[in-house]
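Summary of structural features
Take a look at the letters that make up each chain.
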Amino acid sequence: MTTDQKRLLEKQLWAVANTLRGKMNADEYKNYILGFIFYKYLSERLERFVNEKLLASENFTFSEIDPSTAKGTEILGAIQTACIEELGFFLKPDRLFAHLVKKGTGQLENQDTFILEELKQVLNSIEQTSMGTSSEDDFKGLFQDVDLTSSKLGRSENKKNEVIVEVLSLLSEIDFQLEDSKSDLLGDAYEYLIGEFAAGAGKKGGEFYTPAQVSRLLAQITTMGKKRVKSVYDPTCGSGSLLLRVGDYTQVSTYYGQELNPTTYNLARMNMILHGIHFDNFSIRLGDTLTDDMHLDLQAEVIVANPPFSAKWKSDADPALAADERFSQYGRLAPKSYADYAFVTHMLHHLAENGSMAVVLPHGALFRGAAEGQIRQYIIEKQNALDAVIGLPDNLFYGTSIPAVIMVFKKCREEDQDILFIDASNE
């Protein structure tokens, strides 16, 4: 993306955001904007696939098919089967993003401009068409945070409709250049917005976004010398930005992630699809990683993570955790008020023998004693898994000013190999 393209895109995106700013905070209106961008993307991707792949030899386009005729119904049935197999979902021509914008702005003759109820049905239908198929887990509940009934959109249904039509109209003016296979303008736009929303959301922003400088560093460290990796895993994946960043530096076969927050879980799945990752090539799951591991047999070649700093966890509430093979060998569980090493040992459990892992932790993880000291000592002396420690500057992360470190782990280290320490706190 050129500098001029980037500036234009940012200007257009914030024109959209200004429509909702003042009505609600950034943490709320991000759900609408990102959700509608995703709907626009799905519509345009489906229409391009149908016209260029399925109807290339026909003398009509997808939008020209009349579903009220027997022939039209037959054609749409065949198209739906192909779309679900390839894309994982289906939309009828009159449910495409462009069609609803035309209707809402009065460009269709003899059509009511009220589209609110229809939009609800459209977003539901995207999920419904994937039910019972291999893409069901990746589309289920994706739009549940786009609350079109919220009074914050307007006091009356007509006022809500006006706001939604304005947002969709502004988004319709943005060309995401889907025809250019080398362009990732849409992915860049999504990443940009997630970053801006994270900044605007303050402390909550840290729940779903890792600053780009840090994610690039983690991705580069873990992929050095690797042209291709079978799997990359993030057990606290947020919006999926860390996972996708690894794909910038090497070819990834399958992406794995788990996220506790349902809204952020939806963002991660949208982010995967928006970046062109096929639904068969990612597995993002919802749940508490420490108490409900959703990828039990995974041995990942690359693991990257930015877990919540010093999070509380249920180490004292579930006796089974002490016997869990992710934690049992270390003799003690991480303290209930500091889950940092619970995440680390969970990740080491899922790290392949030839794998590499980089995790962001609070600075205190280097020197706190008691159970954490024992776990740290076991990792260094018994497992020989700690490869490097990189001290980062403070004020890097949303919602906290404390300094952090990157800890790098590998299982294939030589017995007498030194641990590398880098002080980058002033960089």
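So, a few notes on the structure that sits alongside this text. Residues take numbers from 1 onward in each chain, read along the sequence in its written order. Reporting of local features is limited, given that this is a predicted model, to residues whose pLDDT is at least 70; pairs of side-chain atoms are given and counted only at 80 or more, and all residues count toward the totals for whole chains, interfaces and linings. Hydrogens are left out, water is left out, and the side-chain values use all remaining heavy atoms of the structure.

Here we come to the packing of aromatic side chains. Stacked, tilted and edge-to-face are the three classes assigned to paired rings of Phe, Tyr and Trp, where Trp is represented by its six-membered ring and a pair needs centres within 6.5 Å; plane angles under 30 degrees give stacked, over 60 edge-to-face, the rest tilted. Here the structure, examined in full by the defined rule, presents 7 aromatic pairs. Considering the side-chain rings of Phe-38 and Phe-143, the 5.8 Å spacing of their centres and the 40° angle between planes classify their relative orientation as tilted. Residue Phe-38 is located in helix H2 (residues 26-54), and its partner Phe-143 is located in the loop between helix H6 (136-139) and helix H7 (157-172); the two are separated by 105 residues in the primary sequence. The buried label goes to any residue with under 20% of its type's maximum accessible area, the exposed label to any with over 50%, and the partly exposed label to all in between, with areas taken from a 1.4 Å probe on protein chains only. Given a relative accessible area of 0%, Phe-38 falls into the buried group. The class of Phe-143 is buried, set by a relative accessible area of 9%. Secondary structure elements are taken from DSSP: a helix is a run of H or I of four residues or more, a strand is a run of E of two residues or more, and numbering for both begins at the N terminus.

The sheet built from 8 strands is open, its strands ordered E3-E2-E1-E4-E5-E7-E6-E8 with mixed pairing. Edge positions in the sheet fall to strand E3 (282-286) and strand E8 (420-423), since each of these pairs with one other strand and no more. This sheet shows a mean twist of 15° between the axes of neighbouring strands, independent of strand direction. We treat two strands as partners when DSSP finds at least two bridges between them. Relative to strand E4 (residues 300-305), strand E1 (residues 228-234) runs parallel, the two sharing 2 bridges. Paired with Tyr-233 across the two strands is Ile-303, which belongs to E4. A fitted line through C-alpha atoms serves as each axis, taken over the contacting stretch for helices, and the angle formed by two N-to-C directions is quoted from 0 to 180°.

What makes a salt bridge here is a side-chain nitrogen of Lys or Arg within 4 Å of a carboxyl oxygen of Asp or Glu, nothing more. Per the stated rule, a full pass over the model turns up 15 salt bridges. For Lys-40, the salt bridge is made with Glu-44, and the minimal N-O distance between the two is 2.6 Å. Note that Lys-40 and Glu-44 are positioned in helix H2 at a spacing of 4 residues, about one turn of the helix. Given the relative accessible area of 2%, Lys-40 is considered buried. The salt bridge partner of Arg-413 is Asp-387, with a shortest N-O separation of 2.8 Å. Pair noted here: Arg-413 is in the loop between strand E7 (404-410) and E8 and Asp-387 is in strand E6 (residues 386-391), with a separation of 26 residues, a long-range link. We classify Asp-387 as buried; its relative accessible area is 12%. In the salt-bridge network here, residues are joined through shared partners; they are Asp-340, Arg-368 and Glu-372.

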